[in-house]
Amino acid sequence: MATRFYNTMTRRKEIFQPIESGKVRMYTCGPTVYNFAHIGNFRAYVFEDLLRRYLKFKGYEVIQVMNITDVDDKIIREANKAGQTIREFTRKYRDAFFEDIDTLGIERAEVYPAATDHISEMVGLISKIMDKGLAYRTDDGSIYFKVSEYPKYGRLAHLNVTDMKRGTRVQNDEYEKEELRDFALWKGWKAEDGPVCWETAIGKGRPGWHIECSAMSTKYLGNHFDIHTGGVDNIFPHHENEIAQSEAATGEKFVNYWLHCEHLMVEGDKMSKSAGNFYRLRELLDKGIDASAIRYVLLSTHYRQKLNFTFDKLEAAAKSITRLRDFKKSLDQPVNDGALQIDQIVEKYLRDFEEFLDDDLNISGALGSLFRCIHEINAFRESTPLTDRDVGVVSNFLDKVDSVLNVMNVSERTLSSEEQQLIEKRQKARAERNWAEADRIRDELLKRGIILEDTPSGTSWKRKIKT
Ligand code: AMP
Ligand code: ZN
C-alpha cells in the first residue's frame with residue numbers, strides 16, 4: 001500500500017514518492033536554545049520521530065537534519081546580560097535538549113547543525129541572492145529579501161500577497177526596509193549586539209533567523225529534498241521565507257512535501273514560553289510522571305489535530321502502556337504444543353497497523369488495531385495455549401510495532417542490586433513460609449514503585465508507571 005502524507009503546500013494527501021528510490025531526505029526545524037524546551041516543542045519532535053520511525057519501518061533509509069538555533073535576538077540579549085559568549089550561554093540548553101529527546105525515546109537525527117557553525121554557508125547563499133538582484137542593503141548594513149521580486153511568495157501559507165501591505169516604507173529604531181513584507185537575510189551589527197557579530201564578505205553583523213534553515217538544509221540534503229517539517233506556527237513566515245530564499249538562490253525547487261504538526265494546547269491556548277502556560281519535560285518528570293506516558297500522550301493524537309494536554313490523558317496513557325507491557329510479559333510462559341492460527345491474527349493486524357499509518361500517519365487507527373490484536377490473541381489463548389513458535393511470532397510483531405511507537409521499552413529500567421537483593425530476601429522468606437516478612441518486603445518494593453507478581457514459575461516484577 002502506498003504511503004500518503006498531507007502536504008501543506010497543496011492542502012491534499014499525496015502519495016509519497018522520494019526523489020531517490022529507497023532514501024528519504026528530511027529537514028526538521030529544531031530548538032532555539034535559549035531556555036529549556038517545553039512539551040509543546042516536544043509534540044513537534046515526537047511527531048517527527050513517528051514520521052522518521054515509520055519511514056524506516058517501510059524500509060527507507062532516512063537522512064534527517066535538525067538545526068540548532070544558537071544565535072538570535074533573545075540569545076544575544078540573555079548572553080550579554082549574563083556576561084557570557086553565546087556559545088557558553090547556549091551550551092546548557094543544548095545539552096538539556098539532547099538529554100530530553102533521549103528521555104522521550106526520540107531517535108537521533110543524522111545531523112544536528114548549529115547556526116553559528118554555518119555562517120559562511122549563509123553568507124554564500126545571501127551573496128547569490130544579492131547577485132541576482134533579489135535582495136537589497138539598508139543604511140544600517142542589514143540585507144533584506146525583496147518579496148516583490150519573488151512571484152511565488154505566499155504559496156505555502158496560501159496568502160494573497162497583494163493583500164499584504166505593499167509600498168509601505170517601514171522605519172523603526174532598528175531597521176528600515178522597503179516593504180513591510182520584506183524580511184531580513186542579514187542584520188547589520190548594532191551596539192546592543194555587543195561582541196556578537198561576524199566580519200564577512202557581506203558586512204559585519206549576523207544572520208536573520210530564516211536563512212540558517214535554507215543554508216543548512218541544502219548543505220546536508222541538497223538543493224531539492226523530500227520532506228520538510230515543523231509546527232504549524234512555522235508555516236508563516238518561517239517556511240514561506242525559507243522557500244523564497246532557497247529557490248531564489250538555487251533556481252531549483254526546494255522541497256516536495258511539507259508536513260506540519262498542530263499545537264499542543266493548554267486550556268484552549270497554545271502552549272508557549274511567551275504565554276507562560278507551559279510545562280517543561282523535567283518539571284513533569286520531577287512530579288514522578290513517567291517519560292513513556294508523556295511520549296504516549298504526545299504520540300497518540302493525530303499530528304494534524306490540536307492536542308489538549310491534561311493530567312487525565314497522562315493517566316490514560318500510563319494504563320495503555322501497562323496493558324502493552326503486561327501483554328508482552330505474559331508471553332514469557334509458553335507451552336510447547338498449540339496452534340498456528342496466531343500467524344493469521346498477527347498478519348491481519350500488522351497489515352491494519354501499516355494501512356492506518358500509511359494514511360497520513362493515522363495513529364489512532366494504528367493504536368486501535370494494536371489493542372484489538374492483543375484482545376484477540378488473549379481471547380485465542382484462553383482456549384489454546386501459545387507455543388514457543390507462536391510466542392516468537394507475537395514477539396516479532398510487538399518489536400516491529402514498537403520500532404515505530406517506542407513505548408514498550410522506554411524507561412523500562414533494570415533493578416538496582418539493592419532491589420534485586422530485596423526480591424531474593426523475599427523469595428527466601430516465602431520458602432520459609434514467613435509470610436509476614438514476605439509481605440513486608442513486597443510493601444517496601446511497592447513503595448519504590450516495583451510491583452511483584454507471584455506465578456507458578458516464579459516471581460516477576462514490573463515498575464509502576466507513575467502519573
Ligand atoms: P522554537 O524553539 O520555538 O523555535 O520551536 C521549536 C519547534 O516546536 C517548532 O517546530 C515549533 O513549531 C514547535 N512548537 C512550539 N510550540 C509548540 C506547541 N505548543 N505545540 C506544538 N509544537 C510547538
Ligand atoms: Zn527552520
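Note that the structure is a prediction, hence the values are computed from the model and not measured.

Basis of the calculations
- Residues numbered from 1 in each chain as written.
- Chains lettered and ligands numbered in written order.
- Predicted model: local features only at pLDDT ≥ 70, side-chain atom pairs only at ≥ 80, totals over all residues.
- Heavy atoms only, no water.
- Helix = DSSP H or I, 4+ residues; strand = E, 2+ residues; numbered from the N terminus.
- Buried < 20%, exposed > 50% of the residue type's maximum accessible area, 1.4 Å probe, protein only.
- Contact = heavy atoms within 4.5 Å.
- Areas by Shrake-Rupley, 256 points an atom, 1.4 Å probe, with all protein chains shown as cover.
- Phe/Tyr/Trp six-rings, centres within 6.5 Å; stacked < 30°, edge-to-face > 60°.
- Lys NZ or Arg CZ within 6 Å of the ring centre and 35° of its normal.
- Pairing = 2+ DSSP bridges.
- Axes fitted to C-alpha atoms, helices over the stretch in contact; angles between N-to-C directions.
- Near = heavy atom within 4 Å.
- Polar contact = N/O pair within 3.5 Å; in protein donor to acceptor, adjacent residues only side chain to side chain.
- Domains from an automatic or database assignment.
- Expected span 1.5 Å × (residues − 1).

Section: the overall build of the chain
Part 1: When you go through the chain residue by residue, the secondary structure sums to 14 helices and 18 strands.
Part 2: When its C-alpha atoms are laid out on the principal axes, the chain stretches across 90 × 50 × 35 Å.
Part 3: Relative to its 467 residues, the chain shows a buried fraction of 53%.
Part 4: For the chain, the share of sequence-separated contacts (at least 6 apart) that also reach a separation of at least 24 residues comes to 75%.
Part 5: Per element, the accessible surface of the chain, about 21200 Å² overall, is 47% carbon and sulfur.

Points about the packing of aromatic side chains
Part 1: This model, assessed by the stated rule, comprises 22 aromatic pairs.
Part 2: Look at Phe16 and Tyr60: their rings are 5.7 Å apart centre to centre, the planes differ by 85 degrees, and that puts the pair in the edge-to-face class. In this pair, Phe16 sits in the loop between strand S2 (12–15) and strand S3 (23–28) while Tyr60 sits in the loop between helix H1 (39–57) and strand S4 (61–66), placing the two residues 44 residues apart along the sequence. Pair check on accessibility: Phe16 and Tyr60 agree, each one buried.
Part 3: Summarising the aromatic geometry, the rings of Phe254 and Trp258 are spaced 6.0 Å apart at their centres and angled 50 degrees between planes, so their arrangement reads as tilted.
Part 4: Residue classification places Phe254 among the buried residues on the basis of a relative accessible area of 1%.
Part 5: Members of the aromatic cluster, joined through ring pairs, are Phe42, Tyr45, Phe97, Phe98 and Tyr112.
Part 6: Seen from the ring of Tyr34, Lys74 lies directly overhead, with NZ or CZ sitting 4.9 Å from the centre.

Notes on the sheet that holds strand S12 (residues 225–231)
Part 1: With parallel pairing, 4 strands are arranged side by side in an open sheet as S4-S3-S12-S13. Edge positions in the sheet fall to S4 and strand S13 (255–261), since each has one partner strand and no second. Neighbour to neighbour, the strand axes of the sheet diverge by 20 degrees on average, direction disregarded.
Part 2: Bridge count between S3 and S12: 3 bridges; the pairing is parallel. Bridging across to S12, Tyr27 finds its partner in His228.

A word on the site of ligand 1
Part 1: The environment of ligand 1 is made up of 17 residues, and the closest members are Gly40, Asp233, Asn234, Leu264 and Met271.
Part 2: Note that a nitrogen atom of ligand 1 is positioned 3.1 Å from one of the backbone N or O atoms of Gly40.
Part 3: Between ligand 1 and Leu264, the relevant distance is 2.8 Å, taken from a nitrogen atom to a main-chain nitrogen or oxygen of the residue.
Part 4: Relative to its unbound accessible surface of 500 Å², ligand 1 loses 90% to contact with the protein.

Notes on the domain arrangement of the chain
Part 1: Annotation of the chain at the domain level lists domain 1 (16–266), domain 2 (327–410) and domain 3 (417–463).
Part 2: Between the C-alpha centres of domain 1 and domain 3 the distance comes to 54 Å.

Examining helix H9 (residues 311–330)
Along an α-helix, a turn takes 3.6 residues, which lines up residues three or four apart on a common side.
Part 1: End to end, H9 covers 28 Å across 20 residues, agreeing with the expected 28 Å (1.5 Å per residue, within 8%).
Part 2: Buried within H9 are the following residues: Leu314, Ala317, Ala318, Ser320, Ile321, Leu324, Arg325 and Phe327.
Part 3: Those residues of H9 that are buried are in contact with helix H8 (291–299), helix H11 (363–383) and helix H12 (388–405).

Here's the deal with the sheet that holds strand S6 (residues 143–145)
Part 1: Pairing within the open sheet is antiparallel, and its 5 strands lie in the order S5-S6-S9-S11-S10. Two strands in the sheet have a free side with no partner beyond their single neighbour: strand S5 (135–137) and strand S10 (198–200). Put simply, the sheet's adjacent strands are angled 35 degrees from each other on average, direction ignored.
Part 2: As judged from the 3 bridges shared by S5 and S6, these two strands associate in the antiparallel manner. Opposite Arg137, over in S6, you have Ile143 as the bridge partner.
Part 3: Each of S6 and strand S9 (183–188) touches helix H6 (residues 235–250); the most contacted strand, S9, lies at about 80 degrees to it.

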